[in-house]
Amino acid sequence: MATPLAVGRNTTIVVGAGIIGTALGLELQRRGRQVTIIDRGAPGQGASFGNMASIAVTEFMPASRPSVWKQIPGWMLDPEGPVRVRASYMPRLVPWFLRFIAASRPGKLRALEAQGAALCGRALEDTQAMLATHGLADQLSAEGCLSLYADEAEFRADRDHIEILERFGIPHEILGRPAIKALEPEISDQIGMAVLFPKNRSVKDPYKLVQALAARFQALGGRIETGTVASFTRGEAIREVVLTDGRRLPADEVVIAAGAHSAALAKALGEPIPLETERGYHTQIMRPGIKLKHSIIWPARAFMVTPTAGGIRVGGTVEMAGLEAPPDYRRSKVTVRRARVALPKLRCEEFTEWMGHRPALPDTVPILSASAKTRGLFYATGHGHLGLTYAATTALLMADLITGAKPALDLHPYRIDRF
Ligand SMILES: Cc1cc2nc3c(=O)[nH]c(=O)nc-3n(C[C@H](O)[C@H](O)[C@H](O)COP(=O)(O)OP(=O)(O)OC[C@H]3O[C@@H](n4cnc5c(N)ncnc54)[C@H](O)[C@@H]3O)c2cc1C
């Protein structure tokens, strides 16, 4: 039998060194816990590697709202549409999709909006505080995000989004063409209107951010262990994390923060969750030939552009095809083509392409929860399109939950056994 690693007692093991696991591990370490983060690779190489870098506090609305799902059948017929389901994956998706539809009832939608808004309402301040605490304040942009509309009709089509923001007091400013040009001269004259979201900021490089948080975690005494978690031993309480190479790590508490891979681990722990991967793509353009200060979204064309430390990043779209299928980079080429409509001088000659797995729950809000079955076991997963946005807030709330402090939000709506 393999010998237990000398992790020691009073320890917390966090499974997953993405932005969620790293931010949480660091917060727990800061509060005096002895924390080990386990990842099968180096920190930050999952979805957190290549996201669109946006602290997107305006994007909490459930994907299951009618203005979105009514367009899904049309999108599915369009090979270049913003949502694509690979035919071979459709049967696997049915149970998730039925829950997605169930999350579109008007009463349910109102509740989900409030749950997303409760997290987004604190996300920027929590992110700023986390970055400042760890000497990383310069990683955050000062400028917000511009949401583009070709004309009044496109703006009206996105009106429900703006109305939800108004309901939750999230600031925004409607701009006409001269104001858009004054903020971002590279934006095409085809764009007649925009909404500025001043609280949507971006980080310079999401991967480097995870690396910096991980380095800080280690500097405070935290341990990072490389290994793939295969199973667990538990009775009433969690006992050990077992790795595929046979190593066993005893722990008083375990947190599952393995992004889209959390589903398999939750199942092994007897708590299956309807977690899917919404695959997304980015193109990182090293020499774009233009400069931008704001990030840009164009809701009708379903893409985002973010100025980052390594050039301009273009991304977006959702592909439902599971964890194993190879990437289809035609999807990133479509987003670049669309971005060049908004930014006609954008050059795309030297670039890299990337695909990542958003951990997506059918009701859009994450799981921030103690286990319903096993003492000492916790889950911080399912952050979907907003894992970077929610990371600092997740770290604070989960650290409260784990250390027995009262979380600043009622976490009941985010519990694991809500499905
Ligand atoms: C194209 C795209 C754009 C996005 N844009 C944004 C954005 O602008 N703003 C935003 O807020 N969010 C965005 N997101 C979403 C965001 O990236 C994710 O929600 C977030 O990265 C999830 O973080 P995580 O730590 O939960 O998962 P991950 O970053 O995927 O980390 C999970 C980690 O767990 C490890 N792991 C998994 N299984 C095991 C195992 N069995 N044993 C050991 N280790 C394991 C993996 O190796 C990985 O490192 C985007 C996502 C994509 C794909």
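Basis of the calculations
Residues numbered from 1 in each chain as written. Predicted model: local features only at pLDDT ≥ 70, side-chain atom pairs only at ≥ 80, totals over all residues. Near = placed C-beta within 6 Å. Helix = DSSP H or I, 4+ residues; strand = E, 2+ residues; numbered from the N terminus. Nonpolar A, V, L, I, M, F, W, Y, C, P; charged D, E, K, R; others polar. Buried ≥ 20, exposed ≤ 12 C-beta atoms within 10 Å, placed from the backbone. Contact = placed C-beta atoms within 7 Å. Pairing = 2+ DSSP bridges. Axes fitted to C-alpha atoms, helices over the stretch in contact; angles between N-to-C directions.

Peer 1: I'd love a proper account of the site of the ligand, names of residues and values included.
Peer 2: As a matter of local geometry, the ligand sits amid 41 residues, with Gly18, Gly46, Gly259, Gly280 and Gly387 nearest to it. Elements with a minimum of two residues in the shell around the ligand: helix 1 (19–30), strand 2 (34–39), strand 14 (276–285), strand 18 (351–360) and helix 12 (387–403). Broken down by class, the residue content of the shell around the ligand amounts to 16 nonpolar, 22 polar and three charged.

Peer 1: Outline the environment of Thr393, supporting the account with residue identities and numerical values.
Peer 2: If you trace the backbone, Thr393 turns up in helix 12. Given 27 C-beta atoms within 10 Å, Thr393 falls into the buried group. When near neighbours in sequence (up to four residues on either side) are disregarded, Thr393 contacts Leu119, Arg122, Ala123 and Asp126.

Peer 1: Lay out the sheet that holds strand 12 (residues 248–250) with the relevant residues and their values.
Peer 2: Taking strand neighbours across the sheet as the criterion, the three strands line up as 10-11-12 in an open arrangement whose pairing is antiparallel. Two strands close off the open sheet at either side, each with one partner strand: strand 10 (229–234) and strand 12. Within this sheet the neighbouring strands show an average axis-to-axis angle of 25°, counted without direction. Here strand 10 pairs with strand 11 (residues 238–243) via five bridges, running antiparallel.

Function cannot be inferred from these measures alone, as they are strictly geometric.
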